[in-house]
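# Breakdown of the fold
Take a look at the letters that make up each chain.
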Amino acid sequence: MPDKKKEGLLYSEPDTGKVNFVVNTSILCIHITLMVLYILACSKVMFLVNIGSIIFYLLGYYFIKKGKSIVFFTLMFFEIAVHLCLASYFIGYLAGFSAWCFALSALFVYPQFSDPSRRPKKLKVAFPILSVIIFFAEYAAHINGYIPDSAVSRPMRYVFYGVNTVSVFFAIIFFTYFFATSIIRSRNRMDYQMNHDMLTGLKNRYSLHKITDEASARTNHTGEPFSIAMADIDNFKNINDNYGYACGDLVIYKVASIIKEMTDDEEFFAGRYGGEKFLFIYTKEPSSDAMRYKMEKFRDGVEKAVITSAGRQVRFTVSVGVAKFHKGDDYDLVLKQAHDNLYKAKREGKNRII
C-alpha cells in the first residue's frame with residue numbers, strides 16, 4: 001500500500017540562508033588557512049590578494065542576509081577564478097590551484113537550485129564554459145613555460161597541493177549532495193502534489209483510486225473483503241450561500257483535520273474525493289462492523305465540531321454511506337452502492353450512516 005505520511009528532509013525545503021552561510025563560512029576558513037600558508041611561503045603578492053578575498057567573504061554575509069544569492073555567487077565565481085590564476089602563477093602550477101576550476105561550474109549552478117525564482121538565463125551556460133576555458137588556458141600556459149611548476153619550496157608545494165585537493169574534493173561532495181537532494185525534493189513534491197488535495201492535504205481521488213485498485217487485486221487474490229465509505233457534508237450549499245465560500249473552505253478543512261486524527265491505522269485510508277465528499281477505505285477489517293464503528297466516530301466528531309467565521313459560530317454534520325467489496329465484485333458498482341447509501345442517509349434525515 002502507498003505510504004501514509006509525508007515527512008523528512010527529502011520533502012522539506014532547505015533553509016537557503018543557512019546553507020549559503022555555511023558555504024560562505026567554509027570558503028572563508030579556506031582563505032584564512034591560505035593566508036597562513038602564504039605567510040609561510042613568503043608570497044607577499046598572494047598575501048595581499050588573499051586579504052582582498054577575505055574582505056570579500058566577510059561582505060558575503062551581507063549579501064546572504066539581503067537574499068542576493070545570485071549576485072553573491074556570481075562575484076564569488078570571479079573571486080575564485082582570479083585567485084586561482086594568480087596563485088598558480090605566483091605559487092606554481094603544481095600547487096593544485098587549478099583544481100578549483102572543477103568546483104567553479106558547480107559553484108555557479110548551486111544558486112540556481114537554492115533560488116530558482118531568480119535563475120540567470122545566460123550566465124548559467126557562460127560560467128561553466130568559462131571555468132573549462134580557464135582550466136585549459138592555465139594548462140597551456142604551464143606547458144609553454146608561462147606558469148612555473150613551483151615558485152615555493154617542495155614541502156610548501158605539497159602542503160598547498162594537499163589543502164587545495166582536499167578543499168575541492170569536499171566542495172564537490174557538498175554540491176553533488178545538494179543537487180541530488182534538491183532533485184529528489186522536487187520529484188517528491190511533484191509526487192505529493194499529484195497524490196494530495198491542496199486545500200486539505202488529504203489524498204486526492206487519483207491517490208484513492210490507486211489504493212482501491214491494489215485493495216481490489218488483493219481481495220481477488222486472498223478472498224479477504226475490504227470496506228469503503230462515502231461521506232458528504234450536509235447542507236454544504238447553504239453554508240456557502242449563508243456564510244460565504246471562505247467559510248465553506250474552513251468547514252472542509254475542519255472535516256479534513258478530524259479525518260487526519262483517524263487515519264493512524266496502517267490499513268485505514270481516507271481522502272477528499274471531490275468538493276465536499278470524502279472517501280474512506282478500510283483494507284483489512286478485524287470485524288464486519290469495523291468500518292461502521294470508524295464512521296460513527298467520524299460522524300460524532302464532525303457533529304461536535306464548530307468553526308468561527310466572521311464572528312459567527314458554524315456547526316455542520318455529515319452523512320455516510322458504507323459498502324463492502326468481496327472477491328469477484330465490480331469496484332465501480334461497490335462505489336455506486338456506497339454513493340447510493342450516502343444519499344439514502346440524506347433522504348432519511350442526514351447526520352447518519354447507512
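Our subject is the structure that appears above.
Procedures and definitions
Each chain has its residues counted from 1, running along the sequence as written. At least 70 in pLDDT is required for a residue's local features to be given in this predicted model, at least 80 for side-chain atom pairs to be given and counted, and no such filter applies to totals for whole chains, interfaces and linings, which use all residues. Water and hydrogen atoms were dropped before computing side-chain values, which therefore reflect all heavy atoms in the structure. A helix here means a DSSP run of H or I that spans at least four residues, while a strand means a run of E at least two residues long, and both kinds are numbered starting from the N terminus. Remark: exposure states derive from per-residue accessible area (1.4 Å probe, protein chains only) relative to the maximum for the residue type, with buried under 20%, exposed over 50%, and partly exposed in between. The contact criterion used throughout is that any non-hydrogen atoms of two residues lie within 4.5 Å. Method for areas: the Shrake-Rupley scheme with a 1.4 Å probe, in which residue coverage is limited to the protein chains shown. Paired strands, in this sense, are two strands between which DSSP finds at least two bridges. A side-chain nitrogen of Lys or Arg and a carboxyl oxygen of Asp or Glu constitute a salt bridge if their distance falls within 4 Å. Any two rings among Phe, Tyr and Trp, with Trp reduced to its six-membered ring, count as a pair given centres within 6.5 Å; such a pair is stacked if its planes are under 30 degrees apart, edge-to-face if over 60, and tilted if neither.

## Some details on the overall build of the protein
Within the protein one finds eleven helices and six strands. Burial statistics for the protein: of 354 residues in total, 46% are counted as buried. Sequence-distant contacts, at least 24 apart, represent 70% of the contacts inside the protein between residues at least 6 apart. Per element, the accessible surface of the protein, about 18,400 Å² overall, is 60% carbon and sulfur.

## Some thoughts on the pairing of strand β3 (residues 277–282)
A large share of β3 lies buried, amounting to six of its six residues. When strand β1 (residues 226–233) meets β3, the two strands line up antiparallel, connected through six bridges. From the neighbouring strand, Ala-229 faces β3, where its bridge partner is Phe-280. Sheet topology places strand β2 (residues 268–274) next to β3; six bridges connect them, and they run antiparallel.

## Notes on the pattern of salt bridges
Taken as a whole and assessed by the stated rule, the structure comprises ten salt bridges. Linking Asp-197 and Arg-272 is a salt bridge whose minimum nitrogen-to-oxygen distance equals 3.2 Å. On the criterion of sequence distance, the pair formed by Asp-197 in the loop between α6 (154–195) and α7 (205–222) and Arg-272 in strand β2 is long-range, its members being 75 residues apart. Judged on exposure class, the residue Asp-197 and its partner Arg-272 are both buried. Among the salt bridges present, the one from Arg-299 reaches Glu-296, with a minimum N-O distance of 2.7 Å.

## Remarks on the packing of aromatic side chains
By the definition in use, this model includes 18 aromatic pairs. With centroids separated by 5.1 Å and ring planes inclined at 45°, the aromatic side chains of Phe-21 and Tyr-61 adopt a geometry described as tilted. Placement of Phe-21 in helix α1 (residues 16–40) and of Tyr-61 in helix α2 (residues 44–65) is noted, with a sequence separation of 40 residues between them. Residue classification places Phe-21 among the partly exposed residues on the basis of a relative accessible area of 45%. The interplanar angle of 70° and the centroid separation of 5.1 Å between the aromatic rings of Phe-72 and Phe-73 together place this pair among those described as edge-to-face. Its relative accessible area of 0% is what places Phe-72 among the buried residues. Assessed through its relative accessible area of 0%, Phe-73 is described here as buried. Grouping aromatic residues by their ring pairs yields a cluster made of Phe-56, Tyr-57, Tyr-62, Phe-63, Phe-72 and Phe-73.

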